[in-house]
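# Coordinate inspection notes
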Amino acid sequence: MEKLFLNEGWKFTEEFTEVLLATDTDISGLEDVRLPHTCKELPYHYFDENLYQMVSGYRRILSVPMEWKDKCVFFTCEGAAHEAVLYVNGIEVCKHSCGYTAFTVDIAPYLLFGKENVLVLKVDSRETLNVPPFGFVIDYMTFGGVYREVYLEIKDKQHIKDVFVKGKAKDEYTGNLICQVELSEAAVESACEKKMLRGFLQRVDTDCCPVTEDAAFLQPVKVLEKAADGKVVVLEQEVSDILLWNTKQPALYEVILELLVDDKIMDSYTVRFGFRNVEFRADGFYLNGEKIKIRGLNRHQSYPYVGYAMPESMQRLDADILKFELGCNAARNSHYPQSHHFMNRCDEIGLLVFTEFPGWQHIGDEEWKKQACENAVEMITQYRNHPSIIIWGIRINESQDDDAFYTETNRIAHELDDTRPTGGVRNFKKSHLLEDVYTYNEFVHDGKKPGCEPKKNITSDMSKGYLITEYNGHMYPTKPFDWEEHRLEHALRHARVINDVGKEEDIAGSFGWCMFDYNTHKDFGSGDRICYHGVTDMFRNSKLAASVYASQAEENIVLEVSSSMDIGEHPATILGNVYIFTNADAVRMYKNNHFIKEYKPTDSTFDGIPHGPILVDDVVGDLLEKEEGFGKKQSEMIAGALNY
Ligand code: GAL
């Protein structure tokens, strides 16, 4: 069944009142809005969280046809920050207390068929809520509103409730397909003899891994007669002639599952997935048995002016920027699950993702922890079909050890997904390692110290994997309009860290802090409510540091020179060091059409990355000899002095 999107036609008020619930409410004073929506349009900077903290109301009329009678009418809200109560025709249907996961509820029992119905969402975006990430300071704005899509799905009472598809790679061309299918109560309970679950597998055509005529196939997945003898049915089957999902060839498949009762298709459910194995070993990260160094950036989901409320096209664009402009092979969803549009694109382009549940340094009381565990359940069940996700973060970012709490979050993660390891981001060494991978924010590099410490200094358990989840960030905030030396040092710090990580064989990789600048609370940032930690600005325009990442990729030629060669930009008009960021085989430098020097990647002193920055050590060449009549020796001496 198709999704019926309800993104249009909402009325909005910044002040929720019970009056909204009535059918005859005067709606003339309410604002017309569409989703995704921010509860407050914000300035670029110099604002605080009070602007978006409110209990707002969204109201919409829904015409419900008679045909929906006796059906399930599932209402899904993909994201409402941070607590949402849904009312149908004045009756409270459910409350959801996480701003970063979706909720789905059957609203059929509350609907009037063949009539107009009133849907109301009460959305609390106050930071006083006792749910993650709230309770202490937070280095990012948490924005508010129904900022992701809302839709309906109409299903028979006998339907497929949920499907987890595990595509395991057996060898390069063979996979094991496991579909864990959860059926609705009605489907389980129905005594009908002629009931079956069948499935088909087909490759999905994407721009990064198109389906050619020969490769396309639709093959039946095991048919289970009388499937409904339990709530969860598992279909398992070996499939051959498949393409594995990886970063270079992100082959996607879909399984179409059909529930047949008396030969009638009662429900059909499609899941997109990939065949691939992820593994963190003591010596690094392996995708389908191949060792890959993770090189990524942290991504918040915020944008200027609209907070979190950006549509599909922009979510997808961020994934493309990370992979195709910044040359990354990975992203960390800091510090909460992000839009499925972003995730879908990561699946399509082969971008590896670290997804974590919401939280920032603070662990609250028992009620708060219960909600955090619920958030872990929602994150994993809602996101586990994305092949791009390689690890779950199930520790509140940078929180203290709390063995009871984290034993439980690990249990949840392993129970709901036996195909992925767990991690949990900490900011201190040798903490209790209850997860499968030690994931650590490594801020040792201060311009002088090395880019990272060896693994043995960080974790006592050398048998597990080790991944760096942040570096730089607050160690060197940099505005796009900072002076040149500053922007250069920012870029070099990023280069030094990925270079040093590159040389540590047993570090799985690293995620830099961060992809783009972001609005933040008063305790952080530059006083204007912006953290200038990005390698791009808030609009995703590159800073110099972006070229450090861009130049590691091979697909497009990158050439960025760190200086505009304007001496007036520099103290005492001394140009200072100039670097070339490039992945080209060679870069030839000319001054007024006179050839000065040819630089090659091998000229770089950075040997831990494919393409380190190259120092421009000569801006004179043989100009003095050729143009000024100096002798060769004299010319070399004077050029040396000038370059110095
Ligand atoms: C980390 C934190 C991030 C961000 C970063 C700034 O400690 O996890 O959310 O605040 O510092 O460098």
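So, here's what we can say about the structure. Small disclaimer: the values here were computed from a predicted structure and weren't measured.

This next bit is on the overall build of the protein. The number of helices and strands found in the protein is ten helices and 38 strands. Oriented by its inertia axes, the alpha-carbon framework of the protein measures out at about 100 × 60 × 50 Å. In the protein, which comprises 644 residues, the proportion classed as buried is 59%. Counting contacts in the protein only where the partners sit at least 6 residues apart, residues at least 24 apart contribute 70% of the total. Counting only carbon and sulfur atoms, one obtains 50% of the accessible surface of the protein, whose full area is about 26,400 Å². Where the 69 positive side-chain charges of the protein centre and where its 104 negative ones centre are 2 Å apart.

The subject of this paragraph is the packing of aromatic side chains. Within the structure shown, the criterion is met by 26 aromatic pairs. Among the aromatic residues, ring-to-ring pairing joins Tyr52, Tyr100, Tyr140, Phe143, Tyr147, Tyr308 and Tyr336 into one connected group. Here arginine 588 stacks its cationic end above the ring of phenylalanine 595, 4.5 Å away from the centre of that ring.

Moving on, we get to the state of the cysteines. As enumerated under the stated definition, the model contains zero disulfides in all. The thiol of cysteine 514 is not disulfide-bonded; the next cysteine sulfur, from cysteine 531, is found 7.5 Å away.

A separate point is the packing of helix α2 (residues 312-325) against helix α3 (residues 340-349). Contact geometry of α2 with α3 gives a least axis separation of 8 Å together with a crossing angle of 40°. Viewed along their axes, α2 and α3 adopt a mutual orientation that is oblique. Crossing of α2 over α3 shows right-handed handedness. Note on element contacts: α3 touches α2 through His341, Phe342, Arg345, Cys346, Glu348 and Ile349, opposite Glu312, Gln315, Arg316, Asp318, Ala319, Asp320, Leu322, Lys323 and Phe324. For the contact of α2 with α3, a count of residues per class yields six nonpolar, two polar and seven charged.

All right, on to the site of the ligand then. Around the ligand, the surrounding shell holds 13 residues, and the nearest of these are Asp139, His335, Glu398, Glu470 and His474. The contact in question runs from an oxygen atom of the ligand to an N or O atom on the side chain of histidine 335, over 2.6 Å. In the model, an oxygen atom of the ligand is placed 2.7 Å from a nitrogen or oxygen of the tryptophan 360 side chain. Protein contact buries 94% of the 310 Å² of open area that the ligand shows by itself. When the residues that make up the shell around the ligand are grouped by side-chain class, the tally is four nonpolar, six polar and three charged.

Before going further, it helps to examine the pairing of strand β21 (residues 284-287). Of the pairings in the sheet, the one linking strand β20 (residues 278-281) to β21 comprises four bridges and is antiparallel in character. Residue pairing across strands places glutamate 279 opposite tyrosine 286, the latter belonging to β21. With antiparallel pairing between neighbouring strands as the criterion, β20 and β21 make up a hairpin whose turn holds two residues. Relative to strand β22 (residues 290-292), β21 is paired through three bridges, and the arrangement is antiparallel. Note on β22: the bridge partner recorded for tyrosine 286 is lysine 291. Between β21 and β22, which follow one another and run antiparallel, lie two residues, and asparagine 288 among them has a positive phi close to 50°.

Spanning 14 residues, α2 covers 19 Å between terminal C-alpha atoms, matching the ideal 20 Å at 1.5 Å per step. Along α2, the residues classified as buried are Gln315, Asp318, Ala319, Ile321, Leu322 and Lys323. Among the residues trailing α2, glycine 327 stands out with phi positive, at a value near 65°.

What counts and how
- Residues numbered from 1 in each chain as written.
- Predicted model: local features only at pLDDT ≥ 70, side-chain atom pairs only at ≥ 80, totals over all residues.
- Heavy atoms only, no water.
- Helix = DSSP H or I, 4+ residues; strand = E, 2+ residues; numbered from the N terminus.
- Buried < 20%, exposed > 50% of the residue type's maximum accessible area, 1.4 Å probe, protein only.
- Contact = heavy atoms within 4.5 Å.
- Areas by Shrake-Rupley, 256 points an atom, 1.4 Å probe, with all protein chains shown as cover.
- Lys, Arg positive; Asp, Glu negative; His and termini not counted.
- Charge placed at Lys NZ, Arg CZ, Asp CG, Glu CD.
- Phe/Tyr/Trp six-rings, centres within 6.5 Å; stacked < 30°, edge-to-face > 60°.
- Lys NZ or Arg CZ within 6 Å of the ring centre and 35° of its normal.
- Disulfide = S-S within 2.5 Å.
- Axes fitted to C-alpha atoms, helices over the stretch in contact; angles between N-to-C directions.
- Parallel < 35°, antiparallel > 145°, perpendicular 65-115°, else oblique.
- Left-handed = near helix turned anticlockwise from the far one by under 90°.
- Nonpolar A, V, L, I, M, F, W, Y, C, P; charged D, E, K, R; others polar.
- Near = heavy atom within 4 Å.
- Polar contact = N/O pair within 3.5 Å; in protein donor to acceptor, adjacent residues only side chain to side chain.
- Pairing = 2+ DSSP bridges.
- Expected span 1.5 Å × (residues − 1).

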